[in-house]
Amino acid sequence: MKKISVIIPIYNVEKYVEECLESVLSSKLDDIEIICVDDASNDGSLYKIEQLSAKDSRIKIIRHEKNMGLSEARNTGLKYATGKYVLFVDSDDFISSDALSILFREAENKKVDIVYFDHALFYDSSLASSTLPKTRCKDYEGIFSGKEFFCMTMKEGDYTCVVWGQLFRRIFLQENNLTFLPGILHEDQLFSFYAAMKADRVCALKKTLYFYRQREGSIMQTKNCKRAQSMFVILCEIYVYWKTNSFTERESFYIEQLWKSIYQAYALYKTYGNESQELQCGDRIDQVVYRALNGGYEKKWIDFDGISIDKIKQYKHVFVYGAGQAAKQVVDYLHRNKIQVKRILVEDKKVNPESFCGLRVHEVTENVIEKSNTIVIVGVTSKHSQGIKENLIKNGFSDVIELKDANEM
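Attention in this report is confined to the structure presented alongside it. (Residues numbered from 1 in each chain as written. Predicted model: local features only at pLDDT ≥ 70, side-chain atom pairs only at ≥ 80, totals over all residues. Heavy atoms only, no water.)

Remarks on the sheet that holds strand S11 (residues 343-346)
Overall, mixed pairing links the six strands, which are arranged S12-S13-S11-S10-S14-S15 in an open sheet. Taken across any chain shown, the strands that pair with only one partner, and hence form the sheet edges, are strand S12 (355-356) and strand S15 (399-402). Sheet analysis places S11 next to strand S13 (residues 359-363), joined by three bridges and oriented parallel. Within the sheet, the bridge partner assigned to valine 346 lies in S13 and is glutamate 363. The strands that helix H12 (residues 325-336) touches are strand S10 (317-321), S11, S12 and strand S14 (374-378); relative to S10, the one it contacts most, it runs at about 155°. (Pairing = 2+ DSSP bridges. Helix = DSSP H or I, 4+ residues; strand = E, 2+ residues; numbered from the N terminus. Contact = heavy atoms within 4.5 Å. Axes fitted to C-alpha atoms, helices over the stretch in contact; angles between N-to-C directions.)

Pasting the structure below:
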């Protein structure tokens, strides 16, 4: 058995793959294997790894006859892995020369399923020329269950889902049938979440061992309909797991926070998609997820009879004022009528949540808010609406709609 299997999916990265492989080959840890999965590259990537493989027997090359995507490439690597531990490395990134030896020693000493560690982000010269360390806010000394570590990092804002920031015990992955869901982007979200939920023992190193490249043309630089579809699938997967398994109140709270943050990303990516391209998930299923996220509404707070959907659709930006039950009904009503709400406005963020219905909450007075070609719909009942319209107009919002309470009709 090898000490570590390093799995590197490869697809059209001839410009970077040598640097990536050389960083792994220069490792101070002996007895490793490097599994390169060529996902049907059509540039010179395969030639370059074959050249390196001829010089170093630690490199194993597995080829896909057709392009199957990152998830399937990683799954293929897992099938061939023989190491006690598994590290995923993306083919346009690199690791420090001591990364494998440090991680192996930590995993062996602490007998854990997962070792978490820090990374630094760097840019191609075409984008910028700087390096940004991405370290956790605090040290997490000791050994924790995966669920406990998940809750702690969610609380501190330190949670990260990237699989290349974790070393996994291979048998742990096998025993829990942990693989990557094919056909989606952001597959790390699901894999890392499930791993955290199932791990008995994890630990964290406050060491920067991985260097993550930001480049033009990469998946993370692409905004398209596929990303929204993928986030939708992830929302459904996590929701089903959350509601069909037992969790403590604290665990459930932080799973809900993660789910809401993913919904926020989904809502954002959906606005990037080609409006002429219908999402595969379909509007009706989308509404089900929305309602599951925000809860059903037994009481009708707002009356919508006097609202003109055609008028609202003429505006570039649609905002909702309020962060309560009435505002939820307004957002839901607009959502069902295929109107994308861009922002939630409140008077004071200190007494309101940071996000609402998957959207960021902003104060009316914030200068960053778009005010031209914008309409604001007041999502509060008449009991609390006094002076709101006047204040919005005073702050530059010329078009404001106030709605009547449902019980006034």
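Points about the side chain of glutamate 33
Within the secondary structure, glutamate 33 sits in strand S2 (residues 32-38). Here serine 5 takes part through its side chain, which lies 2.4 Å from a polar atom of the side chain of glutamate 33. Aside from chain neighbours lying at most four places away, what touches glutamate 33 is Lys2, Ile4, Ser5, Val6, Arg58, Lys60, Tyr80, Ala81, Thr82 and Gly83. (Polar contact = N/O pair within 3.5 Å; in protein donor to acceptor, adjacent residues only side chain to side chain.)

Observations concerning the packing of helix H5 (residues 146-156) against helix H7 (residues 187-198)
Helices that pack against each other are described as a pair by the angle of their axes relative to one another and the distance between those axes. Closest axis-to-axis distance for the H5/H7 pair is 5 Å, and the angle between their directions is 120°. Here H5 lies oblique to H7, going by the angle between them. Facing Gly146, Lys147 and Phe150 of H5, the residues of H7 in contact are Phe193, Ala196 and Met197. Here the contact of H5 with H7 is composed, by residue class, of four nonpolar, one polar and one charged. (Parallel < 35°, antiparallel > 145°, perpendicular 65-115°, else oblique. Nonpolar A, V, L, I, M, F, W, Y, C, P; charged D, E, K, R; others polar.)

Overview of the packing of aromatic side chains
For the structure shown, the criterion picks out 27 aromatic pairs. Geometrically, the ring pair formed by phenylalanine 88 and phenylalanine 168 is edge-to-face, given 6.1 Å between the ring centres and 65° between the ring planes. In this pair, phenylalanine 88 sits in strand S4 (residues 85-88) while phenylalanine 168 sits in strand S8 (residues 166-169), placing the two residues 80 residues apart along the sequence. Judged by its relative accessible area of 0%, phenylalanine 168 is buried. With 5.8 Å between their ring centres and 55° between their planes, phenylalanine 193 and tyrosine 194 make a pair best called tilted. With relative accessibility at 16%, the residue tyrosine 194 sits in the buried group. (Phe/Tyr/Trp six-rings, centres within 6.5 Å; stacked < 30°, edge-to-face > 60°. Buried < 20%, exposed > 50% of the residue type's maximum accessible area, 1.4 Å probe, protein only.)

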